Amino acid sequence: MLHGSKVLIATADRLTGIGLRSVLESYFAPAAVHVTPAVDADRLGRYDYIFLSVDAYLRCHGVLTATKAPIIVLSQDDLRNDTHRYPLVLWTRQEEAGIIEDLERFQKRSRPSVHVQASTLSSREIEVLKLVAKGEINKHIADVLSISLHTVISHRKNITTKLGIKTVSGLTMYAVLNGLVSSKDIG
Amino acid sequence: MQLFTRDTRLADAIHANYLLIPVVNRFGIPLGFGERTIREVCRVHRIDVAFFLAILNVFSHPAYFPEKALLTFDPLTILSYLQKTHAYYRDVQIPVIERQLRQMIRRAGKGKSDLLVVRRFFLEYKKELLAHLHREETVTFPYVRTVHRLHQRRRSSHHRGKGLTYSMAAYEKEHNNVDEKLWDLKNILIKYLPGSVDAVLRNAMIYEIFRLEQDIRDHTRIEETILMPRIAQLERGLGSGTR
Ligand SMILES: [Fe+2]
Ligand SMILES: [Fe+2]
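Quick caveat, the model's predicted, so the values are computed rather than measured. The residue numbering used here restarts from 1 in each chain and proceeds along that chain's sequence as written. Here every chain gets a letter starting at A, and every ligand a number starting at 1, in the order they are written. Owing to the predicted nature of the model, reporting of local features is limited to residues with pLDDT of at least 70; listing and counting of side-chain atom pairs is limited to 80 or more, with chain, interface and lining totals taken over all residues. Only hydrogens and water are set aside; all other atoms, that is, all heavy atoms of the structure, feed into the side-chain values.

Asks: Provide a residue-level description of the coordination of the iron ion (ligand 1), including the pertinent values.
Replies: Residue and element names in this part refer to chain B. Listed donors are limited to N, O and S atoms within 2.8 Å of the metal, widened to 3.2 Å for Na, K and Ca; water is not among them, so incomplete-looking sites are possible. Note on the iron ion (ligand 1): its protein donors are His86 (NE2), Glu136 (OE), His219 (NE2) and Glu223 (OE). The metal-donor distances range over 1.9 to 2.2 Å. One chain supplies every donor to the iron ion (ligand 1), and in sequence these donors are spaced H-x49-E-x82-H-x3-E. Separating the iron ion (ligand 1) from the iron ion (ligand 2) is a gap of 3.2 Å, bridged by Glu136, which donates to each. In this pair, Glu136 is assigned in helix 6 (residues 112-152) and His219 in helix 9 (residues 199-238), connecting sequence segments 83 residues apart. Helix and strand labels come from DSSP, where a helix needs a run of H or I of at least four residues and a strand needs a run of E of at least two; each type is numbered from the N terminus.

Structure (structure tokens):
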């Protein structure tokens, strides 16, 4: 839990450091947040969470592997899909709400979960996928299957998570390869 | 992997990350540079060492962001690098993947119909990528040249960036991820295409797509973290770029 935690923010970029400190202090009060431009290796052990700029992370990589606290790398780019290169990545250039959301996610898992649990699609999801592959829009899919728009969207999210396929044409390719639709149906 | 510095030997950088080989080539540096450091190689080839170093580090460290050096890079140097990268995608990487796909289809027995589905997807992606490159080459890059020119001969105020119909803000808005479909393609080739196709060619194609995906992702980061802020800075000097 971040609440009541000791937190270190190590970055040479003062604005990022100060901004993040105020977010952490106000949302996870009472948190003791320390901002520093440079990491003091001997004192790392006393923190519950360590936020580092990429530079700081690359510089003291070796020391960090010994600490138990979760390491969160601060990035100016959206690297949230790059979890295989870094431990936890916090994208600092997003809105405050996004930062909070990410922080809450970090609390749930202090290890990156690279792969989502593999499982096969449910029969409902297959119905949705077939219609997506045929190029139907969400509204129409909802009408055809007599379900709400919201449900269609959540099915689509689950399909993408399970298969690891993000684009409509990727889903279409999957559906054809698996014989769910014929290539004649996809225009 | 450590951040590279001017005193890193170029060969050591490549040993640390072999994906840098085509990047180095794009700067007009052929292999065979012996023990020379990055600083020395840049001197020989008359390359801006700060920019070269920034590119090597962007390509090797996914979150690297060259803050201090950023404001000094020459816009035309950035453009020339981006342009060469586009040419490499168009003339080398895409044709290589297409050739691999063609060979696989030619050799395929019962897996042929599946491969035709993959080809259809790939051609769709190719179209999307080429359109992206074309848009940048015909709209964004010429605009960058104009802003650079205006900035160089900052004369009377009416000559400034008034009549410009494009801006870095507009570029930022329209600029999209052109690597998403590659992720899907990779996943299909790894997980869902049945095993009845030529394994050697299939593996080679997957490697090639991994490389292209990574290269494009880093290229996009250069456009967004180097080109955009650098030109936005010139725009501010011209009192334009609000659009
Ligand atoms: Fe580009
Ligand atoms: Fe681009």
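Picking up after the structure, the text goes on.
Asks: Before we move on, could you go through the packing of helix 6 of chain B against helix 9 of chain B and cite the residues and values that matter?
Replies: Residue and element names in this part refer to chain B. The contact between helix 6 and helix 9 brings their axes to 12 Å, and the two run at 25°. What the angle tells us is that helix 6 and helix 9 run roughly parallel. Judged by the sense of rotation from one axis to the other, the crossing of helix 6 with helix 9 is left-handed. Facing Val118, Tyr125, Leu129, His132, Glu136, Phe141, Tyr143, Val144, Val147, His148, Leu150 and His151 of helix 6, the residues of helix 9 in contact are Met205, Ile216, His219, Glu223, Leu227, Ile231, Leu234, Glu235 and Leu238. When its residues are assigned to classes, the contact of helix 6 with helix 9 shows 14 nonpolar, four polar and three charged. Here an axis means a line fitted to C-alpha atoms, over the contact stretch when the element is a helix, while the angle between two N-to-C directions is reported on a 0 to 180 degree scale. Should an angle lie under 35 degrees it is considered roughly parallel, over 145 roughly antiparallel, and from 65 to 115 roughly perpendicular; all remaining angles are considered oblique. Should the near helix be turned anticlockwise from the far one by less than a right angle, the crossing is termed left-handed; should it be turned clockwise, right-handed. Any pair of residues with heavy atoms lying within 4.5 Å of one another is described as a contacting pair. Just so you know the grouping, Ala, Val, Leu, Ile, Met, Phe, Trp, Tyr, Cys and Pro go in nonpolar, Asp, Glu, Lys and Arg go in charged, and all remaining residues, Gly too, go in polar.

Asks: Can you explain the coordination of the iron ion (ligand 2)? Please cite residues and give values.
Replies: Residues and elements named next belong to chain B. Only His132 (NE2), Glu136 (OE), His175 (NE2) and Glu223 (OE) from the protein reach the iron ion (ligand 2) as donors, at distances of 2.1 to 2.3 Å. Taken together, the four donor atoms surrounding the iron ion (ligand 2) define angles of 83 to 177° at the centre, an arrangement classified as irregular. Read in sequence order, the donor residues coordinating the iron ion (ligand 2) give the pattern H-x3-E-x38-H-x47-E. Tetrahedral means four donors with every angle between 85 and 135 degrees, whereas square planar (four donors) and octahedral (six donors) require angles over 155 degrees between opposite donors and between 65 and 115 for all others; sites fitting neither are termed irregular.

Asks: Describe the interface of chain A and chain B, listing the residues and the values that go with them.
Replies: Each partner contributes residues to the interface: chain A has 27 residues there, and chain B has 29 residues. Using a 1.4 Å probe, buried area is obtained as the accessible area two parts lose upon being combined, added over both of them. Interface area, chain A with chain B, both sides summed: about 2500 Å², of which 59% is carbon and sulfur. Here a polar contact is recorded for every N or O atom pair within 3.5 Å, except that within protein the pair must consist of a potential hydrogen donor and a potential acceptor, and residues adjacent in sequence are included only if both atoms are side-chain atoms. In this structure, the connection of chain A to chain B is made through seven residue pairs in polar contact (both at pLDDT 80 or more). Elements with a contribution of two residues or more to the side of chain A that touches chain B: helix 2 (54-59), helix 7 (149-163) and helix 8 (168-177) of chain A. Examining the composition of the side of chain A that touches chain B, we find that six residues originate from one element, helix 8 of chain A, more than from any other.

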